[in-house]
Amino acid sequence: MPKTLVLSKRCPEVKALVQRVAGARRVVVVTGAGISVNSGIPDFRSSDGLFRQIQSAHRGLVSKGRDLFDASVVFKSAQTAEVFYQWMTQLRRQCASAQPGVVHRFLRQLADRGMLLRSYTQNIDGLERKAGLSVWDPYSHKDAPDYVSWQEAQSVPLHGSMDRLACQLCAGSFPFSEQSNATMVAGSACADCVERSETRKACGRRSLPAGKLRPTVVLYEEPHPHCEDIARIISHDARALGARRAASKVDVVLVFGTTLKVPGCRQLVRRLATASPNTTTILVNNEPVCGRAWDGIIDYQVVGCVDEWCARIQRQWGLQTKITRWARPRKSAPVAKNENALHPCDNAPKPSRKRCRSPEVDVTSSSNRVAVRNAPKKRRVTQEALAFPARRSVRIAIRESVENYPRSQPLFCI
């Protein structure tokens, strides 16, 4: 079972753990909904989370709040789909008005210090982009001005985002506007499908059905549309963690604000934690969530506020900066060099090692009386070398000999 530490208690182990994270070389962060609660966005599984709110508001429609995020339940009837679109629109407005919290700014500081290898988030609020991180968007086109490749992306959303809408029929994507009078809202008809159907009707052909727009989020019980791309990114980061063998600075995997109940997130943490024996995995959450199943995978479980944990690491960074500034040596006064000064280990004057670059000049020292001649040697050039250069190939020589051969005689004798 992972070692459990309480953040509120003052113990040397917590302090040593904070120092280890602050001095790490590379950090991979896996975040959940708990880091956005202070930004005004509710989480899912707490007592006042989103699942409880949905269950209390629609008791006769769904048996539990999780059913509204289950693909096998939501799209069974038009009523449940309409409730799903309403909640997604409300959640989109909350995400648009929210601002990055302490953990999001901490991730930005990790990136600025060159320590952040990657940030994997289960959140769909898009606050990482507001904090200044480059976010990988699989729906973005390569020619778009804000396109970020997965190699350059600092944050990877595991469950999609609320920034875009996608058609369930033609897979066309559009920006998700939080305005109430916008035409592109969740549940509206796809503009590409409508235009395609109108074009067919104008040509005298039958019309086609138009798909409905839904947020580009991954629901329960549905396949991930970009699972292969995310698997490639995870494999790349796992190899990067395993390639670092230096014992002076370890790599750290931080898990913030999640209960690790989603199977994909559990596989991700296992893959990153076991990538290298030098990797230290730390989970920080308000309540303990790790049992014996995580023995040998998660090293430390810190029970406490994630914001307070990030604040302690930031204070440790400031302390390291002050110590480095205090320990910086002062510039001493310039000392005139005396070539005739005595060597500290010998009473004889130290011989000069300066070489003269001028040709045909003799340098005589009073200590060793050795004459040094530094004249460049001239290269001998003979008449044969001028007549037959070394770079002349055999084929050119044969061609010249054939051209100079008299035409009255045959070239080849049989």
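Everything quoted here is computed from the prediction, not taken from an experiment. Counting restarts for each chain: residues are numbered from 1 in the order of the written sequence. With the structure being a predicted model, the display of local features is reserved for residues of pLDDT at least 70 and the display and counting of side-chain atom pairs for 80 or more, all residues being used for whole-chain, interface and lining totals. Based on all heavy atoms of the structure, the side-chain values leave hydrogens and waters out of the count.

Undergrad: For this particular structure, what's the right way to read unusual backbone geometry?
TA: Backbone geometry follows two general trends: most residues other than glycine have a negative phi, and most peptide bonds adopt the trans configuration. A positive phi angle is found at Glu-221, which is not glycine, with a value near 60°. Numbering of helices and strands starts at the N terminus; helices are DSSP runs of H or I of at least 4 residues and strands are runs of E of at least 2. Mapping Glu-221 onto the fold places it in the loop between β7 (213-217) and α8 (227-242).

Undergrad: For this particular structure, what's the right way to read the sheet that holds β7?
TA: Backbone hydrogen bonds are what pair the strands of a sheet, in a parallel or an antiparallel way. Strand pairing is assigned whenever DSSP detects at least two bridges linking the two strands. The three strands lie next to each other as β6-β5-β7, forming an open sheet whose pairing is antiparallel. The outermost strands of the open sheet, each flanked by one partner alone, are β6 (173-175) and β7. The sheet shows a mean angle of 45° between the axes of neighbouring strands, direction not considered. In the sheet, strand β5 (residues 160-167) pairs with β6 via three bridges, with the strands oriented antiparallel. A fitted line through C-alpha atoms serves as each axis, taken over the contacting stretch for helices, and the angle formed by two N-to-C directions is quoted from 0 to 180°.

Undergrad: Where do I start with the nonpolar core in this structure?
TA: Within soluble globular proteins, side chains that are nonpolar tend to cluster in buried spots. Put simply, buried Ala, Val, Leu, Ile, Met, Phe, Trp, Tyr and Cys residues joined by side-chain atoms within 4.5 Å make one nonpolar core. Three labels apply to residues, based on accessible area from a 1.4 Å probe with only protein chains included: buried if under 20% of the type maximum, exposed if over 50%, partly exposed otherwise in between. Ranked by size, the top nonpolar core spans 31 residues in total, and within it Ile-54, Leu-68, Phe-69, Phe-84, Leu-91 and Met-162 carry the most contacts. Sorting the residues of this core by element identifies α2 (50-57), α3 (71-74), α4 (78-97), β5 and β7 as the ones contributing at least two each. Element by element, the count of residues in this core is highest for α4, at eight residues. Setting aside chain neighbours within four positions, we find Ile-54 in contact with Val-62, Gly-65, Leu-68, Phe-69 and Trp-87. Residues Val-21, Ala-24, Leu-110 and Trp-317 belong to the second largest nonpolar core, which totals 30 residues. A contact between two residues is defined here by any heavy atoms of the two lying within 4.5 Å.

Undergrad: Is there a simple way to explain α8 in this structure?
TA: For an α-helix the count is 3.6 residues per turn, leaving residues at separations of three or four pointing the same way. Helix length check: α8, at 16 residues, gives a terminal C-alpha distance of 22 Å against a target of 22 Å (1.5 Å per residue), a fit within 8%. Along α8, the residues classified as buried are Ile-230, Ile-233, Ile-234, Ser-235, Asp-237, Ala-238, Leu-241 and Gly-242. Structurally, α8 contributes buried residues whose contacts are with β2 (27-31), β3 (116-121), β4 (155-157), β8 (251-256), α9 (263-273) and β9 (279-285). Working rule for helices: expected span equals 1.5 Å times residues minus one.

Undergrad: Would you mind going over the packing of aromatic side chains with me for this structure?
TA: Describing an aromatic ring pair means giving the distance of the ring centres and the angle of the ring planes. Any pair of Phe, Tyr and Trp rings, taking the six-membered ring for Trp, is counted once the centres come within 6.5 Å. Such a pair is stacked with planes under 30 degrees apart, edge-to-face with planes over 60 apart, and tilted for the rest. Considering all chains together, one arrives at seven aromatic pairs under this definition. Residues Phe-75 and Phe-84 carry aromatic rings whose centres are separated by 6.0 Å and whose planes lie at 75° to one another, so their mutual orientation is edge-to-face. On the basis of relative accessibility, which here comes to 31%, the residue Phe-75 falls in the partly exposed class. Both rings, one in Phe-106 and one in Trp-317, keep their centres 5.6 Å apart while their planes meet at 10°; by these two values the pair is stacked. One end of the pair, Phe-106, is in helix α5 (residues 102-112); the other, Trp-317, is in helix α10 (residues 306-326), with 211 residues separating them in the sequence.

Undergrad: Quick question: what am I supposed to make of the sheet that holds β9 here?
TA: In space, the seven strands of this open sheet follow the order β1-β10-β9-β8-β2-β3-β4, with parallel pairing throughout. At either end of the open sheet lies a strand with only one pairing partner, and these are β1 (3-6) and β4. Going from strand to strand, the sheet's axes swing by 20° on average, the running direction of each strand aside. Sheet topology places β8 next to β9; six bridges connect them, and they run parallel. Residue pairing in the sheet places Asp-251 in a bridge with Thr-279 of β9. Where α8 meets the sheet, it contacts β2, β3, β4, β8 and β9, and its direction lies at approximately 145° from that of β3.

Undergrad: Sorry if this is basic, but what is going on with α5 here?
TA: Residues of α5 that are buried: Val-103, His-104, Phe-106, Leu-107, Leu-110 and Ala-111. Here the buried residues of α5 occupy an arc of 155° about the axis, which is enough to place them on one side. Just downstream of α5, Gly-114 is the residue with a positive phi angle, here 75°. An arc is given here, and it is the one of the directions from the helix axis to the C-beta atoms.

Undergrad: Help me understand the environment of Leu-17 in this model?
TA: Checked against the element boundaries, Leu-17 lands in helix α1 (residues 12-22). When the C-alpha positions of Leu-17 and Thr-280 are compared, they lie 9.7 Å apart, and in sequence the two are 263 residues distant. When neighbours within four sequence positions are excluded, Leu-17 is seen to be in contact with Leu-5, Ile-282, Tyr-300, Val-302 and Trp-309.

Undergrad: I tried to follow the side chain of Asp-307 on my own but got confused; where do I start?
TA: With respect to the secondary-structure elements, Asp-307 resides in helix α10. Only four residue types enter the tally: Lys and Arg on the positive side, Asp and Glu on the negative side, with His and both chain ends excluded. Salt bridges, as used here, are contacts in which a Lys or Arg side-chain nitrogen is within 4 Å of a carboxyl oxygen on Asp or Glu. Although Asp-307 is buried, it makes no salt bridge; Arg-105 carries the closest opposite charge, 7.4 Å away. Polar contacts here mean pairs of N or O atoms no more than 3.5 Å apart (in protein, one a potential hydrogen donor and the other a potential acceptor; neighbouring residues in sequence count only if both atoms are side-chain atoms). Among the polar contacts made by the side chain of Asp-307, one reaches the side chain of Asn-38 at a distance of 2.3 Å. When near neighbours in sequence (up to four residues on either side) are disregarded, Asp-307 contacts Asn-38, Val-102 and Val-103.

Undergrad: Got a minute to help me understand the confidence of the model for the protein chain in this structure?
TA: Predicted coordinates in regions of low pLDDT should not be interpreted in detail. For every residue, the predictor states its confidence as a pLDDT score lying anywhere from 0 to 100. Averaged over every residue, the pLDDT of the protein chain is 80; residues scoring 70 or more account for 74%. Within the model, pLDDT remains below 50 along residues 325-348, and this stretch shows nine contacts once partners closer than five positions in the same chain are excluded. Across residues 407-414, where pLDDT falls below 50, the model places three contacts with residues more than four positions away in sequence or in other chains.

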